[in-house]
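Survey of secondary and tertiary structure
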Amino acid sequence: MSDSPAPSEQPDATPPTPFHRLADFVALPRLGGLALSPDGTRLVTSVATLDPAGTRWQSALWEVDPAGRRPARRLTRGAAGESAPQFSPTGDLLFTSARPDPDAGKDAGEPKPALWALPADGGEARVVLQRPSGISGVTVAADTGDVAVVASTMPGAGDAEADQARRTARKDAGVTALLHESYPVRYWDHDLGPAVPHVFWIGQLPTEPVPGTAPAASEWRDLTPDAGPPLGAGEDVALSPDGRLLVRSEDVADGPAGRRSRLVLTEVASGRTRVLVDDPLADVSGARFSPDSRQVVCARQSATTYDDPPEYTLLLVDLDDDQPAGVRELTPDFDRWPSAPQFAADGTAVYFLADDDGRHAVFRVAVDGSAPVRLTDQGAYSDLQVARDGSALYALRSGYDTPPVPVRLDPAATGQDPVPLPNPGTISSFPGTLRELDATAADGTRVQSWLVLPEGAGADTPAPLVLWIHGGPLMSWNSWSWRWTPWVLAARGYAVLLPNPALSQGFGQDFVRRGWGEWGDAPYTDLMAAVDAAEALPEIDQTRTAAMGGSFGGYMANWVATQTDRFKAIVTHASLWHLDGFVGATDASYYWEKEFGDPLTEPKRYEQNSPHRFADAIRTPMLVIHGDKDYRVPIGEGLRLWYDLQKRGVPSKFLYFPDENHWVLTPGNAAVWYETVIAFLAEHVLGEEWQRPELL
C-alpha cells in the first residue's frame, strides 16, 4: 500500500459509503431478532450499536411500526444492553438483560441476565425474574401468559440457594477443574459443566408490587430434575398457547461417544414427561405448537452416514393424552431443507424457511399434505412472526443488497419482494453493484454465484477478483453477513465472487451428494468453474486474483493452495488443515466421523482430502487467521498450518486472536481483521508495499 491513505481514508474526508472507512462500517447498526405484539400493532427488534467507548457492541430494543407509517423509535437504553424481545398476552414487552436492578442493594454483586418487563401502558422497565446464575432462555404461553425459563444449575442443587452455594464453594476453593464422564466436553467456545441447563416452570409473572410492600416471590419448579451432563435439558423449548404443555428437544446418547436429539412433552401441572418422537436415525428439533395446543410441528434431520448426507423434513405430531403421538411427514417430497416451522394463525398451514437457489425463502405448506408453496422471491428471511389474526407475516429480510431489516409479508401471495418497514438499520448506498452469475461444472451441473462488482469496473478498467468461499459446508451464500461482507473489499476496488459449489444447500439433495466425503473433488472443481466464468467477464482482471474463506471455506482455501497457483494470495480463516487431527479434536467429533469414517479403519477419505498431505505443492502467499477460543476448529489446525508454511519457506503471515472464537466478535478485532486482510491483498494482488496494521 502507498505511504499515504486513500482519499476515502483521510480523517477529514467524507466517504461515499460507510464501507470506505472501517470505523464507519463497524459502527453501522445491526438488527437481530423480532417480536410481534398479540394485537399486531407493535413490532420490536434488537439493534446493536457501538458503546460509547467503541470497544463492544451494545444492543437496545427498538419499536417498528408494522403498518410502515411511523418512524422507528428506541425503547431501552440500558448500559448492559437488552435482547430476546417477546410479548406477553397483555402486551407487556419482555426481554433479557444483565443491567443492574435499581431495587437491588449495593452488595447485590455482578448482575446476571434476568427477565425484565416493559409495561404496555408505559412506565419504567422492571425485573420480573432473576436467578443468581442468570437466565438463558424464556418461553411464554401465547394465551395464558404462563412462563417457563431455562437456567444453568449445578448438579444436586434443588433450588437457587443450593445452586449458588455450590458455585461459591468451587470459587472459594479455587477449583476450576471439570470431571467428564460422557462426551462431549465443550461446545463452540466454552467448556461444558459442571452446571447444565434446566427448565423451570414459573407460571404467571409477579405483578408490580404495591408501594411499601415486598415484591411477590415466584415459584421455580424444576420440570427437568433429572437433567445432567453433558448438555442438560437444552434450550430448545416451547410452551403450548394454553400453558398446559412444554415441548423440548432432549439430548440423548447415540453410541459410545455420539449424541442425537429426540422430542419430549411435559405436562406442566404434574411434571409427567413422555417421548413424542424418538428416531434412532435422526435429530428432531425446533418444535412449535398449533394455536389450539393440539399439534406440534418440528424439523427432522436424518443422521449422516459414510454414503449419504443428511435429509430434512417437517413432522406434524398429533397430541393425545390417552394415545401414542401420531406422527406424519409434512414435506415428504420437498427437495430442500425446511427449518424454523410455525403454524398459521388458523392452524391449517405451516410456514417455514429453506434455502432455495441462492435465497433463503419463506414457504407455506397446508397441513392436509399438499405441496409447499414458495412465498418470497429475492432475499433471505429469518425471525418469522405470524400475526394472530392471520392478516400478515413479519420477518427480517437480508441479502447482499441489504443487511437484515423488518418487512411485512402477505400470508398467501407468491413472488413477494417486500419494501422494508422504517427502521434504524437500512443502508442506502453501496460501493458497487450486485449480479447473479452462473457457471457450468465439469460434469455439466449449474453452479450459481453472487458477484459484487466495484464502482468503475469495466472493460477499460477491469477489477481485481477475490474468490470468497463459504463455510458450513452445508450452507450457501444467500444472506448478509457482518463477518464476511464483500462490500468492504468492493470499496477498495475488488470484485468479489461468492459461489455455491457442491455441498451447498438449496440446490437439491443430489447437488449436496456430489461433494459428500469428497471435499477436494467437486467442491474444488465447481469453484474453479465459477472463477473461470467470472474471469471471462470484461469487468474482471484475471491477472490479479485472490482466494479466501473461513471454516470449511478456510479448508477449501487451503485445498486451493495445494492444487493451483493461479491466485496471487490466499487468506484462510479458522481453517481445517489436518483432517484426522481436526475430527478428533473438534467439539462434535462423532458428526464428522460419520462422513469421513474412522481414521484407523477407513483412512481413504482422510488421505485423499486432507490438505496437509499436499503442503509441498503450495507456492501462493498465505495469510493464516485463527482464534484460540475456537473449539469448532481448534487452534491446533492453524498452528500446524502456520508451521508447515514457515518451514517450507512459503511467504505467509499469522493473525492470531487469543480471545476470539470461530468468529471475530469484538469491534476492535473485527476492524483489525479487515485491515490485515486488506493490507495482505494489497501487497500480493495489487503489488503495493506491505503496511503492517498500526495496532498490530
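Whatever comes next refers back to the structure up there.
Description of the structure in this document. (Residues numbered from 1 in each chain as written. Predicted model: local features only at pLDDT ≥ 70, side-chain atom pairs only at ≥ 80, totals over all residues. Heavy atoms only, no water.)

Structural notes on unusual backbone geometry
Of note, the amide linkage connecting Tyr-183 to Pro-184 takes the cis form, showing an omega dihedral of 5°. For Pro-184, the position within the fold is in the loop between helix H2 (160–172) and strand E11 (186–187). That bond from Gly-472 to Pro-473 is cis: its omega, 5°, falls within 30 degrees of zero. Phi angles above zero are rare outside glycine, and Asp-357 is one such case at about 55°. For Ala-574, which is not glycine, the phi torsion reads 45° and is therefore positive. (Helix = DSSP H or I, 4+ residues; strand = E, 2+ residues; numbered from the N terminus.)

Description of the pairing of strand E28 (residues 393–399)
With seven of seven residues buried, E28 lies mostly within the body of the structure. A two-sided burial pattern is seen for E28, the buried positions comprising Leu-393, Ala-395, Arg-397 and Gly-399 on one face and Tyr-394, Leu-396 and Ser-398 on the other. Bridge count for strand E27 (residues 380–386) against E28 is five bridges, and the pairing is antiparallel. Directly across from Tyr-381, in E28, lies its bridge partner Arg-397. Between the antiparallel neighbours E27 and E28 lie six residues, among them Gly-390 with a positive phi of about 80°. Here six bridges tie E28 to strand E29 (residues 402–409), and the two strands are oriented antiparallel to one another. From the neighbouring strand, Leu-396 faces E29, where its bridge partner is Pro-406. (Buried < 20%, exposed > 50% of the residue type's maximum accessible area, 1.4 Å probe, protein only. Pairing = 2+ DSSP bridges.)

So, the side chain of Thr-304
Mapped onto the secondary structure, Thr-304 falls in the loop between strand E20 (295–302) and strand E21 (312–318). If we skip the residues at most four places from it in the chain, Thr-304 touches Pro-309, Pro-310, Trp-516, Tyr-591 and Lys-594. (Contact = heavy atoms within 4.5 Å.)

Considering the pattern of salt bridges
Enumeration according to the criterion identifies 41 salt bridges in this entry. A salt bridge links Asp-51 to Arg-56, with the nearest nitrogen and oxygen atoms 3.6 Å apart. Classification of Arg-56 by relative accessible area gives partly exposed; the value is 35%. Residue Asp-163 pairs with Arg-167 through a salt bridge whose shortest N-O separation is 3.0 Å. Of this pair, Asp-163 and Arg-167 both sit in helix H2, four residues apart, roughly one helical turn. Judged by its relative accessible area of 0%, Asp-163 falls in the buried class. Ionic contacts of the salt-bridge type, sharing partners, join the residues Arg-42, Glu-63, Asp-65, Arg-70 and Arg-73 into one network. (Salt bridge = Lys/Arg side-chain N within 4 Å of Asp/Glu carboxyl O.)

As for the sheet that holds strand E3 (residues 57–64)
Taken in spatial order, the four strands line up as E1-E2-E3-E4 in an open sheet, and their pairing is antiparallel. Only two strands of the sheet have a single neighbouring strand rather than two, namely strand E1 (30–36) and strand E4 (73–74). Where E3 and E4 come together, two bridges link them in antiparallel fashion. Within E4, the residue paired with Trp-62 across the bridge is Arg-74.

Considering the nonpolar core
One finds Leu-465, Leu-467, Leu-497, Trp-519, Tyr-555 and Met-556 to be the most contacted residues of the largest nonpolar core, which totals 54 residues. Broken down by element, this core gets its largest block of residues, eight residues, from helix H5 (residues 522–535). Leave out the neighbours within four places in its chain, and Met-556 touches Ile-469, Trp-519, Pro-523, Tyr-524 and Leu-527. The next biggest cluster of nonpolar side chains, apart from the first, holds 46 residues, and it includes Trp-484, Val-488, Ile-678 and Phe-680. (Core = buried A, V, L, I, M, F, W, Y, C linked by side-chain atoms within 4.5 Å.)

In short, geometric facts, not functional conclusions.
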